[in-house]
Protein chains: 2
Amino acid sequence: MALTLDISVSLDGFVAGRNPTLEEPLGEGGERLHEWVVRLASWRRQHGLEGGESHADDGLVAEASRSLGAHIMGRRMFSGGSGPWEQDPNADGWWGDEPPFRHAVFVLTHHPREPVVKEGGTTFTFVTDGIESALDQAKAAAGDLDIGIGGGADVAQQYLRAGLLDTMHLHVAPVLLGGGTPLFGDCDNGPTALRLESATQGHEVAHLTFARAD
Amino acid sequence: MALTLDISVSLDGFVAGRNPTLEEPLGEGGERLHEWVVRLASWRRQHGLEGGESHADDGLVAEASRSLGAHIMGRRMFSGGSGPWEQDPNADGWWGDEPPFRHAVFVLTHHPREPVVKEGGTTFTFVTDGIESALDQAKAAAGDLDIGIGGGADVAQQYLRAGLLDTMHLHVAPVLLGGGTPLFGDCDNGPTALRLESATQGHEVAHLTFARAD
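Predicted, not measured: the structure shown is a model, and the values here were computed from it. (Residues numbered from 1 in each chain as written. Chains lettered and ligands numbered in written order. Predicted model: local features only at pLDDT ≥ 70, side-chain atom pairs only at ≥ 80, totals over all residues.)

Visitor: Would you mind going over the confidence of the model for chain A with me for this structure?
Guide: For residues with low pLDDT, the predicted coordinates do not support detailed interpretation. In the predicted model, chain A carries a mean pLDDT of 95, and the fraction of residues at 70 or more is 100%. With pTM at 0.95, the complex prediction returns an ipTM value of 0.93. (pLDDT = per-residue confidence, 0-100.)

Written out as structure tokens, the structure is:
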């Protein structure tokens, strides 16, 4: 039951480009970080789409998806919004009627509300009492499977700082954004010493896995 | 005759930690980025030392060294200083009597002076008319071999922005510095589209090679 971050990042360490908006949430050039994954068969199947490429990257993405039994994400990853729910134009989430998670998703927020149940097995539960509570609830929901951090970078940093992050799967795209949302910000290792677990060459991106050294 | 950057970088993209000084030029924690290389036999031999580890990383470092026929570096990499030479406490360079390069090194500076000839084949030549001039001179000196950018990050960025950088060998250490000197800063791809050429798992660090896509 590891807490896992699986995220695409630019060569200069950004997970989104400059000036993200509701219409372009990945910022300027940010979608270039995800080009490698959105054309894979496993990603497309997970999102209810047909076709797609089937090579080693595809197996890796399918395997990562199979290993997860719950997700934790920030409020902004759920809806793109902030503040009271009645003022959020995407209060029902921006993931559509059948979100790709197909398991329990815990959304960190300061604004309590009832869970949102979607088709295909995804339930969004809103957690207002902090990251440790969200992790406890996610562990209970995930059973023997792992828990994925669904972003954003600030949520990943909170778990890293707290020494609760076990594994990072980083997909490094051959792109320099020059600015945007840094994955790590001013976050150092904190209590977690890291070691490189694997580095493999994907079709377009480098797959790096780092885990706790202890 | 490729222009090549070969550099160790933290997982969060820094080539040196916070608060670099003349005594601690790599800043706080920056020496952790280089721990993997300084214990290798090939690195030690190059620096006039005996012993060291011999595994795959060692071959990689030896091969990278053999492929280079000249270096280009910034003034600060030569001496740690700046401004007029008569005020620089390391005006003769801080690389010792027998620097590890053993070929022509071109130092970018605004302050002209005669070349400095060292033992073991290293000659430092000072270039005041810009990065393209330095590259032309380095190409002439390197013959059929490649040219290495010896840092710092600002020099690498200048060549990248100008579309003159051919290959980057990045050694990603499992360390988050949380701040310091970013390798890329606000530098985007500029005119150079990049592609991943290889990703391999080293003993402690990930070795990533990116090259021009065109």
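Visitor: Just checking my understanding: could you explain the sheet that holds strand β6 (residues 123-127) of chain A for this structure?
Guide: In a beta sheet, neighbouring strands are held together by backbone hydrogen bonds and run either parallel or antiparallel to one another. All names here are of chain A. Strand order in the open sheet formed by 9 strands is β5-β6-β4-β3-β7-β1-β8-β11-β10, with mixed pairing between adjacent strands. Strand pairing shows two members of the sheet lacking a second neighbour, β5 (116-117) and β10 (194-201), which therefore form its edges. With 7 bridges connecting them, strand β1 (residues 3-10) and strand β8 (residues 167-173) associate as parallel partners. Bridge pairing in β8 places L5 opposite M168. Packed onto the sheet, helix α5 (residues 131-142) meets β1, β3 (68-74), β4 (104-108), β6 and β7 (146-149) and runs at close to 160° relative to β3. Against the sheet, helix α6 (residues 153-161) engages β1, β3, β4 and β7, with an angle of about 110° to β3. (Pairing = 2+ DSSP bridges. Helix = DSSP H or I, 4+ residues; strand = E, 2+ residues; numbered from the N terminus. Contact = placed C-beta atoms within 7 Å. Axes fitted to C-alpha atoms, helices over the stretch in contact; angles between N-to-C directions.)

Visitor: Please explain the pairing of β4 of chain A as it appears in this structure.
Guide: A regular strand places its side chains so that they alternate between the two faces of the sheet. All names here are of chain A. Counting buried positions along β4 yields 5 of 5 residues, so the element is predominantly enclosed. One ladder, built from 5 bridges, connects β3 with β4; its direction is parallel. The residue of β4 that forms the bridge with G74 is L108. Bridging between β4 and β6 involves 5 bridges; their strand directions are parallel. Looking at β6, one finds that F106 is bridged to T125. (Buried ≥ 20, exposed ≤ 12 C-beta atoms within 10 Å, placed from the backbone.)

Visitor: What should I look at first to understand the relation of the copies chain B and chain A in this one?
Guide: For the pair of chain copies, the relating operation is a rotation around an axis with a shift along it. Mapping chain B onto chain A calls for a rotation angle of 180° and an axial translation of 0.0 Å; the resulting RMSD is 0.0 Å. Here the copies are linked by what is in effect a two-fold axis. A share of 100% of interface residues in chain B that are also interface residues in chain A marks the association as one of identical surfaces. (Least-squares fit on C-alpha atoms with pLDDT ≥ 70 in both.)

Visitor: What is the right way to look at the nonpolar core in this model?
Guide: Soluble globular proteins tend to bury their nonpolar side chains together. Grouped together as the largest cluster of nonpolar side chains are 114 residues, with contacts concentrated most on I72 of chain A together with I72 of chain B. Once residues lying within four places of it in the same chain are set aside, the contact partners of I72 of chain A are F106, L108, A134, L135, A138, I147, I149, G150 and V155 of chain A. (Core = buried A, V, L, I, M, F, W, Y, C linked by C-beta atoms within 7 Å.)

Visitor: When you look at the interface of chain B and chain A in this model, what are you seeing that I'm missing?
Guide: Many structure descriptions define interface size as the accessible area lost when the parts assemble. The interface of chain B with chain A comprises 27 residues on the first partner and 27 residues on the second. Elements represented by at least two residues in the side of chain B that touches chain A include exactly β10 (194-201) and β11 (206-212) of chain B. Sorting elements by how many residues they give to the side of chain B that touches chain A places β10 of chain B first, with 7 residues. Across the side of chain B that touches chain A, the residue classes tally to 15 nonpolar, 7 polar and 5 charged. (Nonpolar A, V, L, I, M, F, W, Y, C, P; charged D, E, K, R; others polar.)

Visitor: I would appreciate a short explanation of α5 of chain A in the present structure.
Guide: Spacing of three or four residues puts side chains on the same side of an α-helix, whose turn is 3.6 residues. Residues and elements named next belong to chain A. If you check α5, its first and last C-alpha atoms are 16 Å apart, about what 12 residues at 1.5 Å a residue would give, namely 16 Å. Against β1, β3, β4, β6 and β7 lie the buried residues of α5. Taken from the residues just after α5, G143 is the one with a positive phi, measuring 65°. (Expected span 1.5 Å × (residues − 1).)

Visitor: I tried to follow helix α3 (residues 56-66) of chain B on my own but got confused; where do I start?
Guide: All names here are of chain B. Within the sequence span of α3, burial applies to D57, D58 and V61. Summarising the axial view, the buried residues of α3 lie within an arc of 100°, below the 170-degree limit, and thus occupy one face. Residues of α3 that are exposed and angled more than 90 degrees away from the buried face: A56, E63 and R66. Contact partners of the buried residues in α3: α1 (35-38) and α2 (41-46). (Arc of directions from axis to C-beta.)

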